[in-house]
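Secondary and tertiary structure notes
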Amino acid sequence: MINSKKPYLLVAITMFTFSSCTKIYKTPKADTTSLKNAFKKDFYIGTALNENQIEEKDPMVTAFISKEFNSISPENIMKSMFIHPEKDQFYYNMTDKYVAYGKKHNMFIHGHTLIWHSQLAPWMAEIKDSIAMADMMKNHISTIVGRYKGRIDSWDVVNEALNEDGTLRKSVFLDTYGKDYLINAFKLAAKADPKADLYYNDYNLCSPEKRKGVVNLVKNLQQNGAKIDGIGMQGHWQLTSPSIAEIEKSILDYSALGVKVAFTELDITVLPNPWDLQGADVNQNFEGSEKMNPYPNGLPENIQEQLAQRYEAIFKLFLKHQDKISRVTFWGANDSQSWLNDWPIKGRTNYPLLFDKSFKPKQAYYNVLNLKKQE
Ligand code: 9MR
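All of the points below concern the structure found in this document. (Residues numbered from 1 in each chain as written. Predicted model: local features only at pLDDT ≥ 70, side-chain atom pairs only at ≥ 80, totals over all residues. Heavy atoms only, no water.)

Quick word on the overall build of the protein chain
Of the regular secondary structure elements, the protein chain holds 14 helices and nine strands. Principal-axis analysis of the C-alpha atoms gives the protein chain an extent of 90 × 50 × 45 Å. Taking all 375 residues of the protein chain together, the buried fraction comes to 51%. By sequence separation, contacts in the protein chain at least 24 residues apart represent 79% of the contacts at least 6 residues apart. (Helix = DSSP H or I, 4+ residues; strand = E, 2+ residues; numbered from the N terminus. Buried < 20%, exposed > 50% of the residue type's maximum accessible area, 1.4 Å probe, protein only. Contact = heavy atoms within 4.5 Å.)

Some thoughts on the site of the ligand
As a structural note, the neighbourhood of the ligand is formed by 13 residues, with Glu75, Lys79, His112, Glu265 and Trp331 the closest of them. Take Asn76: an N or O atom from its side chain is 3.0 Å from an oxygen atom of the ligand. Side-chain polar atom of Trp331 to an oxygen atom of the ligand: 3.0 Å apart, as the coordinates give it. Starting from 450 Å² of accessible surface for the ligand in isolation, the protein chains cover 75%. Structurally, the ligand is housed in the largest pocket. (Near = heavy atom within 4 Å. Polar contact = N/O pair within 3.5 Å; in protein donor to acceptor, adjacent residues only side chain to side chain. Areas by Shrake-Rupley, 256 points an atom, 1.4 Å probe, with all protein chains shown as cover. 1 Å grid on protein atoms, 1.4 Å probe; cavity = no way out; pocket = protein on both sides within 12 Å on 5 of 7 lines; lining within 4 Å. Sits in = over half its atoms within 2 Å of the grid points.)

Concerning the nonpolar core
Grouped together as the largest cluster of nonpolar side chains are 105 residues, with contacts concentrated most on Leu35, Tyr200, Tyr311 and Phe315. The contacts of Phe315, once residues within four sequence positions are left out, are Phe39, Phe43, Ile45, Leu266, Val328, Phe330, Val368 and Leu371. (Core = buried A, V, L, I, M, F, W, Y, C linked by side-chain atoms within 4.5 Å.)

Comments concerning the environment of Met60
Along the chain, the position of Met60 falls in helix α4 (residues 59-68). Judged by its relative accessible area of 44%, Met60 falls in the partly exposed class. In this structure, the C-alpha to C-alpha distance between Met60 and Phe359, residues 299 residues apart in sequence, is 9.7 Å.

Some details on unusual backbone geometry
In this model, His112 is joined to Thr113 through a cis peptide bond whose omega is -5 degrees. Here the amide bond leading from Trp343 into Pro344 is cis, since omega sits at 0 degrees, within 30 degrees of zero. The residue Pro344 is located in the loop between β9 (325-330) and α14 (363-374) in this model. Unlike most non-glycine residues, Glu160 shows phi in positive territory, near 55 degrees. Tracing the chain through its elements places Glu160 in the loop between β4 (154-159) and α9 (172-177).

A look at empty space enclosed by the protein
Inspection of every chain in the model, using the stated rule, returns one cavity of 30 Å³ or more. Residue lining of the largest cavity: Ile115, Trp116, His117, Val158, Asn159, Glu160, Ala161, Arg169, Ser171, Phe173 and Tyr181, and that is the complete set. Within the lining of the largest cavity, the residues separate by chemical class into six nonpolar, three polar and two charged. (Points joined across faces, edges and corners; volume = space filled by probe spheres on them. Nonpolar A, V, L, I, M, F, W, Y, C, P; charged D, E, K, R; others polar.)

Remarks on helix α10 (residues 181-192)
When the terminal C-alpha atoms of α10 are compared, their 16 Å separation across 12 residues agrees well with the 16 Å that a helix rising 1.5 Å per residue should span. The buried fraction of α10 is high, at 10 of 12 residues. Among the residues of α10, those classed as buried are Tyr181, Leu182, Ile183, Asn184, Ala185, Phe186, Leu188, Ala189, Ala190 and Ala192. Where α10 is buried, its residues meet β3 (108-115), α8 (130-147), β4, α9, β5 (197-202) and α11 (208-223). (Expected span 1.5 Å × (residues − 1).)

Some words on the pairing of strand β6 (residues 230-233)
Taking every second residue as pointing to the same face, both faces of β6 are buried, with Gly230 and Gly232 on one and Ile231 and Met233 on the other. Note that β5 and β6 share four bridges and pair parallel. Looking across to β6, one finds that Tyr199 is bridged to Gly230. The handedness of the β5 to β6 crossover, carried by α11, is right-handed. Looking at chain direction, β6 and strand β8 (residues 260-269) are connected through four bridges and run parallel. Bridge pairing in β8 links Gly232 to Ala262. (Pairing = 2+ DSSP bridges. Right-handed = clockwise from strand over helix to strand, strands pointing away.)

As structure tokens, this is what we get:
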């Protein structure tokens, strides 16, 4: 009898010891001295780099970027008009520097983008038939991905191939090669670097119709034996839209396809959009309009707070699904770099990122980091 009670005693002692140990040795809190450290166990934190940043023109900026970010994307230099401007001419000066920058600072290096209808090399726009298109795709993808094999960690193989209703966008690729140009592009990229992660990247990926389009696109690639590793949701968002529920639905639907989800170009505009104005003609010239550029001298406190809360809610969701998310990249290091100062209206002052034009962290930065302090 006495003997038979012993195992219970042992369990009780073990449980007591274990529970008192866990009280003493709590899981260490995340290091919240920078974004990259805080989210180290969750996902990469990236930024897009422009030419000055790649060339390390300003040592303060270089130090800032390597402190906060552990992943980089090239904002423009890898687009076909820059890297492959003529049929027989590749321009690697900047892209080599970009990859060297990532290696030097020990970062995850992303490639953006191989096949895109915009910022397209003019000679590619002139391609008239499927044979010439197949030739271009093979040369373009195999050469570039091959050059950086083992050094560029992931690629946006195809960018923005879908219309808002989820159908394939009219482009020189679709017109000449037909809908299978996507399969061809992904197969060529996988052949050139079998270990690189291959992404389809696009905007407005939370809208239900476009989401269906992406799901079909991925299934079609998978059914045709093409490797696709992830969906890049650009994340050019507003203060209230898309809703957290819509973003979550997209994360769930995409990861259910067995691929990773990356947020690849995150920024949040705080400025009015001409398309939202009733009866606004977007061709109208809004440049210089005070109504359209309401905060030229600084962001009012209440909007700063809204931006902070929006980023906090978004990152809270990202943390909830960190097992599905590979990377969160901001489209620029600070507000002055953002393309949103010039789009859809030129010369405005926007505040879409976590750091202001002097690289000072904004309230949004602290709200995002606080999520890790609370964990
Ligand atoms: O940030 C880029 C800006 O400097 C360029 O002028 C613009 C040209 O289209 O492209 C911007 O980056 C785009 C990215 O490559 C693809 N998704 C949309 C981004 C914002 O337009």
